[in-house]
Amino acid sequence: MSLTAGIVGLPNVGKSTLFNAITKKNILAANYPFATIDPNVGVVTVPDKRLEFLENLYLPQNLVPTSFEFTDIAGLVKGASKGEGLGNKFLSHIREVDAIVEVVRCFDDKNIIHVESSVDPIRDIEIINVELLLADLEVIDNRINKIGKKAILSNDKSVKKEAEILNKIKQALEQNIPIRKLEFDEDEYKLIKNFNLITAKPIIYMANVSEEDIQNGNNYVEQVKRYAQNEGSEVVVVCAKIESELSELNDDDKKEFLNELGISDSGLDKLIKATYNLLGLATFFTSGSDEVRAWTFKKGMKAPECAGIIHTDFQRGFIKAEVMSFDDLEKYGNEKAVKEAGKLRLEGKEYLMQDGDICLFRFNV
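We now turn to the structure provided with this report.

Rules behind the numbers
- Residues numbered from 1 in each chain as written.
- Predicted model: local features only at pLDDT ≥ 70, side-chain atom pairs only at ≥ 80, totals over all residues.
- Heavy atoms only, no water.
- Core = buried A, V, L, I, M, F, W, Y, C linked by side-chain atoms within 4.5 Å.
- Buried < 20%, exposed > 50% of the residue type's maximum accessible area, 1.4 Å probe, protein only.
- Contact = heavy atoms within 4.5 Å.
- Axes fitted to C-alpha atoms, helices over the stretch in contact; angles between N-to-C directions.
- Helix = DSSP H or I, 4+ residues; strand = E, 2+ residues; numbered from the N terminus.
- Left-handed = near helix turned anticlockwise from the far one by under 90°.
- Nonpolar A, V, L, I, M, F, W, Y, C, P; charged D, E, K, R; others polar.
- Pairing = 2+ DSSP bridges.
- Right-handed = clockwise from strand over helix to strand, strands pointing away.
- Parallel < 35°, antiparallel > 145°, perpendicular 65-115°, else oblique.
- Lys, Arg positive; Asp, Glu negative; His and termini not counted.
- Salt bridge = Lys/Arg side-chain N within 4 Å of Asp/Glu carboxyl O.
- Phe/Tyr/Trp six-rings, centres within 6.5 Å; stacked < 30°, edge-to-face > 60°.
- Lys NZ or Arg CZ within 6 Å of the ring centre and 35° of its normal.

### Some details on the nonpolar core
No. 1: Membership of the largest hydrophobic core comes to 60 residues, with the highest contact counts inside it found for Phe68, Phe70, Ile94, Ile100, Cys106, Tyr205 and Met206.
No. 2: Sequence-distant contacts of phenylalanine 68, defined by excluding residues within four places in its chain, comprise Leu3, Thr4, Ala5, Gly42, Val43, Val44, Val46, Thr275, Tyr276, Leu279 and Leu281.

### With respect to the packing of helix H4 (residues 121-153) against helix H5 (residues 157-174)
No. 1: Contact pair H4 / H5: the axes reach a minimum separation of 9 Å and the direction vectors enclose 150°. Relative to H5, the crossing made by H4 is left-handed. Residues Leu133, Asp136, Leu137, Ile140, Asp141, Arg143, Ile144, Ile147, Lys150, Ala151 and Ile152 of H4 pack against Val159, Lys160, Glu162, Ala163, Leu166, Asn167, Ile169, Lys170, Leu173 and Glu174 of H5.
No. 2: Along the lines of polarity and charge, the residues of the contact of H4 with H5 split into 12 nonpolar, one polar and eight charged.

### A look at the sheet that holds strand S7 (residues 234-238)
No. 1: Ordered in space as S2-S4-S1-S5-S6-S7, the six strands form an open sheet in which the pairing is mixed. At either margin of the open sheet sits one strand with a lone partner, and together these are strand S2 (40-45) and S7. Here the strands of the sheet are splayed against their neighbours by 25° on average, with no regard to which way each runs.
No. 2: Direction of pairing for strand S1 (residues 4-8) relative to strand S4 (residues 67-72): parallel, over a ladder of four bridges. For alanine 5, the partnering residue across the bridge sits in S4 and is phenylalanine 70.
No. 3: Of the strands in this sheet, S1, strand S5 (99-105) and strand S6 (203-208) are in contact with H4, which crosses S5 at around 145°.
No. 4: With respect to the sheet, helix H7 (residues 219-230) is in contact with S5, S6 and S7, its orientation differing from that of S7 by roughly 160°.

### A few points about the environment of leucine 51
No. 1: Mapped onto the secondary structure, leucine 51 falls in helix H2 (residues 49-58).
No. 2: Sequence separation of leucine 51 and proline 65 is 14 residues, and the distance between their C-alpha atoms is 7.4 Å.
No. 3: Here leucine 51 is in contact with Leu63, Pro65, Phe285, Val292 and Ala294, once residues within four sequence places are set aside.

### Some points on the pairing of S1
No. 1: Counting buried positions along S1 yields five of five residues, so the element is predominantly enclosed.
No. 2: Side-chain alternation along S1 places Thr4, Gly6 and Val8 on one buried face and Ala5 and Ile7 on a second face that is also buried.
No. 3: Across four bridges, S1 lies against S5 in parallel orientation. Looking across to S5, one finds that valine 8 is bridged to glutamate 102.

### So, the pairing of S7
Successive side chains on a regular strand alternate, one facing one side of the sheet and the next facing the other.
No. 1: Among the five residues that make up S7, four are buried, leaving the element largely enclosed by the rest of the structure.
No. 2: Both S6 and S7 contribute to a ladder of five bridges, which runs parallel. Bridging across to S7, asparagine 208 finds its partner in valine 238.
No. 3: Chirality of the crossover, the property in question, places the unit of S6, H7 and S7 among those that are right-handed.

### Regarding the packing of H4 against H7
No. 1: At their nearest, the axes of H4 and H7 sit 9 Å apart, and the two run at 40° to each other. With respect to H7, the element H4 is oriented oblique. Together, Pro121, Ile122, Ile125, Glu126 and Asn129 of H4 and Tyr220, Gln223, Val224 and Tyr227 of H7 make up the contact between the two elements.
No. 2: Split into classes, the residues belonging to the contact of H4 with H7 amount to six nonpolar, two polar and one charged.

### A closer look at the side chain of aspartate 328
No. 1: Within the secondary structure, aspartate 328 is located in helix H13 (residues 326-332).
No. 2: The charged side chain of aspartate 328 is buried without a salt bridge, its nearest counter-charge being lysine 343 at 5.1 Å.
No. 3: Aspartate 328 has contacts with Gly333, Val338 and Lys343, leaving out every residue within four places of it along the chain.

### Notes on the packing of aromatic side chains
No. 1: What the rule picks out here adds up to nine aromatic pairs.
No. 2: Where phenylalanine 68 meets phenylalanine 70, the ring centres are 5.3 Å apart and the plane angle is 45°; that geometry is what we call tilted. Here the two residues phenylalanine 68 and phenylalanine 70 agree in accessibility, since each one is buried.
No. 3: Counting every residue linked through ring pairs, the aromatic cluster contains Phe284, Trp295, Phe297, Phe318 and Phe361.
No. 4: Its end group placed over the ring of phenylalanine 107, arginine 105 keeps NZ or CZ at 4.7 Å from the ring centre.
No. 5: Here arginine 293 stacks its cationic end above the ring of tryptophan 295, 4.3 Å away from the centre of that ring.

Dropping the structure here:
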């Protein structure tokens, strides 16, 4: 299951430095706008301590963690929705991601140019968010113009319903309300999904602070948190500079460095966890001596759908899923003990998969 978060923000807020750190990719990070012109996609592994236990238990030939894609999208500027900077191109890239990570500068540094000449995180957030709203409004207006007359003159209920939904969205956007704050039923959601609207995507604000403020934050961070709370979004506090240093260390040195800083998780770990929660994601495992592997699925998926993540044949010919929970395996120590304790289950087509399930899918095609 390929899922992507797009990293957006104004130029020179730390986006590319952060992206370099979390993906260990050496893309251009320069102190001037538009240093990043094409979207860069980096795949990061999702940290999961359960894999370490499974590896020690099964001693597999291969260990495959689940992964997540981050797309670094070049800095937006005021007027991007009208094509300012390289706006139209960048906005089209944002339409392709599942979630938005908006990096906000929350530190003062006279040596780093700010495109708006001063540090003001709320102003910066609103510049980006207004551009995203305007880009969506253009899409909605174009569609309304296309079906408007037909909706009035036709007896086609589906066209009338679409026009009604589009006008509801238009009114919200004109009042600076992002689409993700509106409520839709299942049919309405399917309809608007086709338009790939940017403000319908869930968002996380990433407050980029200095090394001195990584533990306790600062006034800028508090402003961002209040803003995010008012719209029901989450804030992750990071220091892009520290993340850059962490990316060069091995696991043991990384842990020691984090301990010295007085923080338990890196910014990347916090971001991945927040993004997982934002998108309603969870992990199941397949385990054996050949391979131990983690798989990402959406909460609410049933066993056959999760089997299909591994291979379409598994879903098509699904019979049963042999399931045990990671917690039970950790508690009893091995598969045999889990089975003897009556904790190994056979689940059918209606079984809702749970985070930490360890599965063997039975199928026949």
